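As a plain string of letters, each chain reads:
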Amino acid sequence: MTSTMSNSLIDAIVTRREDQTDEIAVFELAAADGSPLPAFEAGAHIDVIVGPELIRQYSLCNAPGSAGYRLGILNDPGSRGGSRQIHASLEEGSRVQIGAPRNHFPLDMDATHSLLIGGGIGITPMIAMAYALKAAGKSFELHYCSRSESKAAFLVELERAFGERLTLHFDDAGEAARLDPPQLCRAAPPGTHLYVCGPGGFMDWVIEQARGAGLPDRQIHFEYFSAEVDVSGEAFEVYAQISDVTVQVGPNQSISMALKAAGVKVQMSCEEGVCGTCICDVLEGIPEHRDRFLTDDEKADNDQIALCCSRAKSARLVVDI
Ligand code: FES
């Protein structure tokens, strides 16, 4: 998938900002010209144009069908600057450009039951999902894992909206409060789908535990917010067919960096293999996938590659750019 974001930027205005914890601010957005914003589905995210070279994705965390967009943004000291800058600069009345919603994390509305698991700020897409499932009269449970109550946003709202369907798991609340994915999977009816979002290590753990408990892969859904990708490896050659440019990709260089240095522009957003913006067709050669965007089946096809982070198993790749 290549980005069409530049064709669909929306001028938005911050209609409300609420700092719910020391680290999490909740922003409500509307179109600056007062027109309705494009509709969105649960699980969708938008690009926020933080700066000329700084685009970040955030999940929409309000009920699908509501008028505006709502984002919950963690001021993450470990981030590369996007969330910090948003926290520092966006206030009520601020203008910001955003992309139209995109959804790589859709709900399966045919599931008999849905287990929604959010870790930390990964609760945000789960909130939209819980609202959608509730509105459709579907069976679901929402699990919110956080280091402590004081670090958790949205609590009052979630308790009011979802009551007994909400379970809170605070790290400092002792063993009994811990999330137990195998137990949840075993207690759930056949045909249950599980959705998880949060820090990478947390997601890996939940996915592994759910698989271990026998939940089929097709019933496990996840979306990584960010990932620590190692882009280093052996050098190889890339031929960009449309541009008719050949580059050598060095051991500590990404394909996108090598192409950029040779004047071939690659549309990118997250630059860490989670958003899919830089995905490009592979015409020859075998990629070594490092991204967390393509599914295992898509990776096995070897006909697409994330240019921001993936490398090559073959000495040469031909890509369609
Ligand atoms: Fe996001 Fe490559 S830019 S996956």
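Residues numbered from 1 in each chain as written. Predicted model: local features only at pLDDT ≥ 70, side-chain atom pairs only at ≥ 80, totals over all residues. Heavy atoms only, no water.

An unreviewed UniProt entry lists the protein under the name Vanillate O-demethylase ferredoxin subunit, with Pseudomonas linyingensis given as the organism. Listed under Cofactor (unreviewed entry) in UniProt, the entry text for the protein is "FMN". (UniProt positions renumbered as here; feature names shortened; annotations may be inferred.)

Caption draft 1: Quick look at the overall build of the protein. Of regular secondary structure, the protein possesses 7 helices and 18 strands. Taken over the C-alpha trace, the protein has a radius of gyration of 20 Å; the compact-globule value for 321 residues is 20 Å, and the two agree within 12%. Structurally, the protein occupies a C-alpha span of about 60 × 50 × 35 Å along its principal axes. Looking at the protein residue by residue over its 321 residues, the buried ones come to 51%. Sequence separation of 24 or more characterises 65% of the internal contacts of the protein that already satisfy a separation of 6 or more. (Helix = DSSP H or I, 4+ residues; strand = E, 2+ residues; numbered from the N terminus. Rg over C-alpha atoms; globule rule 2.2 N^0.38 Å. Buried < 20%, exposed > 50% of the residue type's maximum accessible area, 1.4 Å probe, protein only. Contact = heavy atoms within 4.5 Å.)

Caption draft 2: Region of the structure containing the side chain of His289. Secondary-structure assignment places His289 in the loop between β15 (287-288) and α7 (296-301). From its side chain, His289 meets the backbone oxygen of Lys299 in a polar contact 3.1 Å long. Within polar-contact distance, the side chain of His289 engages the side chain of Asn302 at 3.2 Å. Not counting residues up to four positions away in its chain, the partners in contact with His289 are Leu294, Lys299, Asn302, Gln304 and Ser310. (Polar contact = N/O pair within 3.5 Å; in protein donor to acceptor, adjacent residues only side chain to side chain.)

Caption draft 3: Highlighting the packing of aromatic side chains. Within this structure, the stated rule accounts for 6 aromatic pairs. Plain terms: the ring middles of Phe105 and Tyr195 are 6.2 Å apart, the flat faces sit at 65° to each other, and that makes the pair edge-to-face. Of this pair, Phe105 sits in the loop between β6 (95-98) and β7 (113-119) while Tyr195 sits in strand β10 (residues 192-198); the two residues are 90 residues apart in sequence, bridging distant segments of the chain. According to the relative accessible area criterion, Phe105 is buried, its value standing at 2%. Overall, Tyr195 belongs to the buried group, its relative accessible area being 0%. With a centroid separation of 5.9 Å and 85° between ring planes, the pair formed by Phe140 and Phe162 is classed as edge-to-face. Residue Phe140 is located in strand β8 (residues 140-146), and its partner Phe162 is located in helix α3 (residues 155-162); the two are separated by 22 residues in the primary sequence. (Phe/Tyr/Trp six-rings, centres within 6.5 Å; stacked < 30°, edge-to-face > 60°.)

Caption draft 4: Examining the nonpolar core more closely. Judged by nonpolar contacts, the single largest core of 30 residues is most densely connected at Leu116, Met126, Leu142 and Leu158. Elements with a contribution of two residues or more to this core: β2 (24-31), α2 (123-135), β8, α3, β9 (166-170) and β10. Top contributing element to this core by residue count: α2, with 8 residues. Ignoring any residue separated from it by four or fewer positions in sequence, one finds Met126 in contact with Phe105, Leu116, Ile117, Gly118, Leu142, Tyr195, Val196 and Cys197. Counting residues in hydrophobic clusters, the runner-up holds 25 residues, among them Val245, Cys278, Cys308 and Ile321. (Core = buried A, V, L, I, M, F, W, Y, C linked by side-chain atoms within 4.5 Å.)

Caption draft 5: Region of the structure containing α2. Spanning 13 residues, α2 covers 18 Å between terminal C-alpha atoms, matching the ideal 18 Å at 1.5 Å per step. By the criterion of burial, α2 is predominantly enclosed, with 10 of the 13 residues buried. Those residues of α2 lying buried are Ile123, Thr124, Pro125, Met126, Ile127, Ala128, Met129, Ala130, Ala132 and Leu133. Here the buried face of α2 lies against β4 (54-59), β5 (69-74), β7, β8, α3 and β10. In the segment just after α2, Gly137 is the residue with positive phi, at about 70°. (Expected span 1.5 Å × (residues − 1).)

Caption draft 6: Quick peek at the pattern of salt bridges. The final tally for this structure, using the stated rule, is 13 salt bridges. For Arg147, the salt bridge goes to Glu23, with nearest N and O atoms at 3.3 Å. Highlighted residues: Arg147 in the loop between β8 and α3 and Glu23 in the loop between β1 (10-19) and β2, separated in sequence by 124 residues. Where salt bridges share partners, they join Arg16, Glu18 and Glu28 into one cluster. (Salt bridge = Lys/Arg side-chain N within 4 Å of Asp/Glu carboxyl O.)

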